[in-house]
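An overview of the molecular structure
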Amino acid sequence: MAVPVRNVVVIGGGVCGLATAHRLVRAGLPVTLLESSDQLGGLGTFFPSRGRWVERFYHCVMPTDDALLGLLDEVGLRESIGWQRTTMGMVVEGRHHSFNSALDLLRFRPLSLVDRVRFGVVSLLLRRLGKGEDLDRLRTEDWLRGLYGDAVWTTLLAPMFGAKFGSAFGDVPALYLWQRLGRESNDSVRGYPVGGYKSVIDALRASIEDRGGVVRTSAPVARLETAGDRVFVTLADGSVVEADHAVSTVPLPALREIADSSLAARLPEVRLRYQGVVNALFFLRKPLSGHYWAPVLRSGTDFDGVIEMSALSGTEPYDGRHLVYVMRYTDRESALYREDPDAIASRWTSQLLDLYPGVEPADVDEVRVFKAPFVEPVYPLGYLTDRPAVEVPGTRLLLATTAHVYPNVTSWNSSVELANAVTDRLLRTARRPTPQEIDAWSAESAR
Ligand SMILES: Cc1cc2nc3c(=O)[nH]c(=O)nc-3n(C[C@H](O)[C@H](O)[C@H](O)COP(=O)(O)OP(=O)(O)OC[C@H]3O[C@@H](n4cnc5c(N)ncnc54)[C@H](O)[C@@H]3O)c2cc1C
C-alpha cells in the first residue's frame with residue numbers, strides 16, 4: 001500500500017533535481033531541494049554580464065528533445081525556444097572548411113577523394129547499419145574503423161570524437177555514438193531559449209515554490225545517511241533535514257564522499273571515470289565564422305572545438321557582442337584543468353587569434369574561463385547491463401545522475417527523461433499526505 005510522504009529531499013539543483021522537484025510537487029508531495037552552490041542550474045548555470053545572464057557552458061536544444069520540450073510546455077516556455085538552422089565548420093591543420101553539404105565534402109581536402117565518398121555514404125547509412133548490432137559491446141573504434149576505413153578514422157573521427165572522451169574514445173561503446181546521431185538526426189536546426197537558460201531555471205524554481213516546495217541554495221549536503229525508512233541529510237552548517245525519501249542527482253564520485261559508511265557500502269559498485277571540461281568564453285566585436293560548431297583538429301591549439309553561440313542566439317543577449325565558446329574536455333586531475341584561469345585565458349586568446357587571422361586583438365572585448373569536474377562519464381563496454389539501478393537497495397534513496405542516462409547522451413533532455421522515470425518510480429510507492437495527516441504531523445512536531 002502506498003505510504004503518505006511527509007517530506008522528500010532532492011539533492012542537487014541542476015536540471016535533473018529541478019525537474020524532479022517540479023514533478024513531485026505537481027503530484028502533491030512536500031519537497032525540499034538542496035543545492036550547494038549559490039545558484040541553481042548545475043552545468044547549465046550562468047554568470048552576470050552587462051546586466052544579462054550568460055551560460056557558463058554552451059547549451060542548445062535539439063528538435064528531438066521531447067522530454068525537455070514537454071517540461072518547457074508545463075512551465076509555459078516551449079514557445080520561448082527560438083529555432084535556427086545552423087552550419088558546421090571544420091578546422092584541420094589550421095585550414096578552415098565548411099562541412100554541411102555533399103559539395104563541401106567533395107571539396108574536403110584532408111581526405112582522399114575515395115575516402116570523401118566513403119565518408120558520405122557511410123554517414124548517411126550509419127544509423128541503419130547499427131540496427132540489430134550489439135553496439136553496447138562493440139568498441140567505437142572497431143565499429144567506425146571497419147565501416148569508414150583506417151584513413152577516415154585516423155584523420156577525422158578519432159581526433160573529433162576523442163575530443164570528448166580523451167584517449168578512451170575508441171573504447172567507449174559504439175551505442176553512445178549511435179544514440180547521439182539519433183538525437184541530432186543529421187538536423188542542423190537548433191534551439192535556444194529567449195531569455196537564456198536562466199529563464200528556464202527561474203521558471204522551474206517558481207513552479208516548485210508556487211506549489212509549496214522549498215528550494216534552498218548555498219545548502220551543501222555534507223553527510224547523507226539512511227536508516228530503515230528514514231533518510232538523514234546533514235548540511236554543512238550542521239543542521240539536519242529528515243526525510244521519507246531522497247533523490248540524489250549529484251555525480252556518483254561526489255555522492256560517495258558525502259555518504260556515511262553504511263550507505264557507501266550500498267552504493268553502486270561501478271567506478272566510472274569522468275571527463276571534466278575547461279571552457280573559455282570570448283565576447284567579440286565581430287563574428288568569427290558564422291558556423292555554430294567547428295571541431296579543431298591538429299591545429300596547434302589546446303582547445304579542440306569552437307562554438308559560435310551568437311550564430312544561434314543572436315548578439316542581443318550579449319549587448320551586441322558575438323559570443324564564442326572554445327573548450328577542451330579533460331580529466332579534473334590534468335595539468336590543464338589545474339592551471340590558473342588567467343593563464344588559460346591569455347594563451348587561448350592568442351591561439352584563437354592565430355586560428356582566425358581576420359580577428360584582431362582589439363576585437364576581443366572580454367574573456368572568461370569556467371571549468372567543471374564531472375561532465376561526461378566515460379562509459380565502459382557492456383554498460384547497458386552494468387548501468388547502476390536508480391534504487392539503492394534497502395534504502396529510501398533514489399539516484400538520478402548522468403551515470404544513469406546512458407545510452408542517451410548527457411543533455412538536459414536526458415536528465416529530464418531520467419527525472420520523469422525516477423519520479424514515476426517514487427510515486428508508485430508514495431502518496432500525497434491528506435490534510436488530516438498534515439495536521440497530525442504539525443501537532444506532533446509542536447509537542
Ligand atoms: C560544456 C558543456 C556543454 C553542454 N552542452 C549541452 C547542450 O548543448 N545541450 C544540452 O542539453 N546539454 C548540454 N550539456 C550537458 C548538460 O549540461 C548536463 O547533461 C546536465 O546539465 C546535467 O544535469 P544534472 O542536473 O544531471 O547534473 P548537474 O548539472 O551536474 O547538477 C548537479 C547539481 O548537484 C549539485 N551538488 C553537487 N554536490 C552537492 C552537494 N553535496 N549538496 C548539494 N548539491 C550538490 C551541483 O552543484 C549541481 O548543481 C553540456 C554540458 C557542458 C559542461
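These figures come from a predicted structure and were not determined experimentally. Chains are numbered independently. Their residues run from 1 in the order of the written sequence. Thresholds applied to this predicted model are a pLDDT of at least 70 for local features of residues and 80 or more for the giving and counting of side-chain atom pairs; totals over whole chains, interfaces and linings are not thresholded and use all residues. Side-chain numbers come from the whole structure's heavy atoms, not from hydrogens or water.

Right, let's talk about the domain arrangement of the protein for a bit. Annotation comment: domain bounds sourced from an automatic or database domain assignment. Here the protein is described as being made up of domain 1 (3–38 + 217–272 + 380–446), domain 2 (101–185) and domain 3 (190–194 + 274–378). Computed from C-alpha atoms alone, the centre-to-centre distance between domain 2 and domain 3 is 25 Å. Counting residues at the interface gives 13 residues for domain 2, matched by ten residues for domain 3. Here the buried area means the combined drop in accessible surface, using a 1.4 Å probe, for two parts upon being joined, counting both sides. The junction of domain 2 with domain 3 conceals about 950 Å² of combined surface from both sides, 62% of it contributed by carbon and sulfur atoms. For the domain 2 face of the interface with domain 3, the top three residues by lost area are Ala-163, Lys-164 and Phe-165, together amounting to 48%. The contact definition used throughout considers only heavy atoms, calling two residues in contact when any of these lie within 4.5 Å.

So, about the sheet that holds strand β14 (residues 245–248). Taken in spatial order, the five strands of this open sheet run β10-β3-β2-β14-β20, and their pairing is parallel. Only two strands of the sheet have a single partner each, and these edge strands are β10 (214–216) and β20 (397–399). The sheet shows a mean angle of 15° between the axes of neighbouring strands, taken without regard to direction. Here, a strand pair is defined by DSSP locating no fewer than two bridges between the strands. Numbering of helices and strands runs from the N terminus; a helix is a DSSP stretch of H or I covering at least four residues, while a strand is a stretch of E covering at least two. Pairing geometry for strand β2 (residues 8–11) and strand β3 (residues 31–34), over four bridges, is parallel. Opposite Val-9, over in β3, you have Thr-32 as the bridge partner. Note on geometry: axes are lines fitted to C-alpha atoms, helical ones only across the stretch in contact, with angles between N-to-C directions running from 0 to 180 degrees.

In this model, helix α8 (residues 196–210) (15 residues) spans 22 Å end to end at C-alpha, consistent with the 21 Å of a helix rising 1.5 Å per residue. The classification of residues rests on relative accessible area computed with a 1.4 Å probe and restricted to protein chains. Under 20% of the type maximum is buried, over 50% is exposed, and intermediate values are partly exposed. Those residues of α8 lying buried are Gly-196, Tyr-197, Lys-198, Ser-199, Val-200, Ile-201, Ala-203, Leu-204, Ser-207 and Ile-208. Here the expected span of a helix is defined as 1.5 Å times the quantity of residues minus one.

This next bit is on unusual backbone geometry. Excluding glycine, most residues fall at negative phi; most peptide bonds, likewise, are trans. Note that the residue after Tyr-406, namely Pro-407, is joined by a cis bond; omega there is 10°. With respect to the helices, strands and loops of the structure, Pro-407 is situated in the loop between β20 and α15 (412–429). One non-glycine residue with positive phi stands out, namely Ser-218, at about 50°. Structurally, Ser-218 can be placed in the loop between β10 and β11 (221–227). Judged by relative accessible area, Ser-218 falls into the partly exposed class, the value being 49%. One non-glycine residue with positive phi stands out, namely Asp-319, at about 55°. As for its position among the elements, Asp-319 is in the loop between α11 (310–313) and β18 (322–330). On the accessibility criterion, Asp-319 (47% relative accessible area) is partly exposed.

The criterion for an aromatic pair is that two Phe, Tyr or Trp rings (for Trp, the six-membered ring) have centres within 6.5 Å, with stacked assigned to planes under 30 degrees apart, edge-to-face to planes over 60 apart and tilted to the rest. As enumerated under the stated definition, the model contains 16 aromatic pairs in all. Look at Tyr-379 and Tyr-383: their rings are 5.2 Å apart centre to centre, the planes differ by 40°, and that puts the pair in the tilted class. Tyr-383 shares its class with Tyr-379; the two are buried. Taken together, Phe-47, Phe-283, Tyr-318 and Phe-370 form an aromatic cluster joined through their ring pairs. In this structure, Lys-198 is placed above the aromatic ring of Phe-46, and the distance from its NZ or CZ to the ring centre is 5.5 Å. Cation placement over rings: the criterion is NZ of Lys or CZ of Arg within 6 Å of the ring centroid and within 35° of the ring normal. Over the face of the ring belonging to Phe-283 we find Arg-321, whose NZ or CZ atom lies 4.2 Å from the ring centre.

Next up on the list: α15. End to end, α15 covers 26 Å across 18 residues, agreeing with the expected 26 Å (1.5 Å per residue, within 8%). When we look at burial in α15, the residues that qualify are Trp-412, Asn-413, Ser-414, Ser-415, Val-416, Leu-418, Ala-419, Asn-420, Val-422, Thr-423 and Leu-426.

Let's shift gears to the side chain of Thr-32. Here Thr-32 is to be found in strand β3. Residue classification places Thr-32 among the buried positions, given a relative accessible area of 11%. If we ignore the near neighbours within four places in the chain, the residues touching Thr-32 are Asn-7, Val-8, Val-9, Val-10 and Val-214.

Candidate patch residues must exceed 30% relative accessible area and have no salt bridge, after which like charges are joined if within 9 Å and Val, Leu, Ile, Met, Phe, Trp or Tyr side chains if within 5 Å. Values of accessible area rely on a 1.4 Å probe in the Shrake-Rupley scheme; residue burial ignores everything except the protein chains shown. The salt bridge definition used is simple: a Lys or Arg side-chain nitrogen within 4 Å of an Asp or Glu carboxyl oxygen. Nonpolar side chains collect at one region of the surface, where Leu-103, Leu-106, Leu-113, Val-117, Val-121, Leu-124, Leu-125 and Leu-129 lie side by side and expose about 710 Å² of accessible area between them. Listing elements by their share of the nonpolar patch, those giving two or more residues are α3 (102–106) and α4 (113–130). In terms of residues, the nonpolar patch owes the most to one element, α4, which gives six residues. The topology assignment puts Leu-129 in helix α4.

Turning next to the pairing of strand β16 (residues 293–297). Counting buried positions along β16 gives four out of five residues, so the element sits mostly inside the fold. Bridge analysis of strand β7 (residues 89–92) against β16 gives two bridges, and the strand direction is parallel. Opposite Val-92, over in β16, you have Leu-297 as the bridge partner. Note that β16 and strand β17 (residues 305–308) share three bridges and pair antiparallel. Residue pairing across strands places Trp-293 opposite Ile-307, the latter belonging to β17.

This part takes up the sheet that holds β7. With mixed pairing, the seven strands of this open sheet are ordered in space as β8-β7-β16-β17-β18-β15-β19. If you trace the sheet from one side to the other, it starts and ends with β8 (95–98) and β19 (364–378), each paired once. Averaged over all pairs of adjacent strands, the angle between strand axes in this sheet comes to 20°, irrespective of strand direction. Packed onto the sheet, helix α6 (residues 150–165) meets β7, β15 (273–284), β16, β18 and β19 and runs at close to 105° relative to β16.

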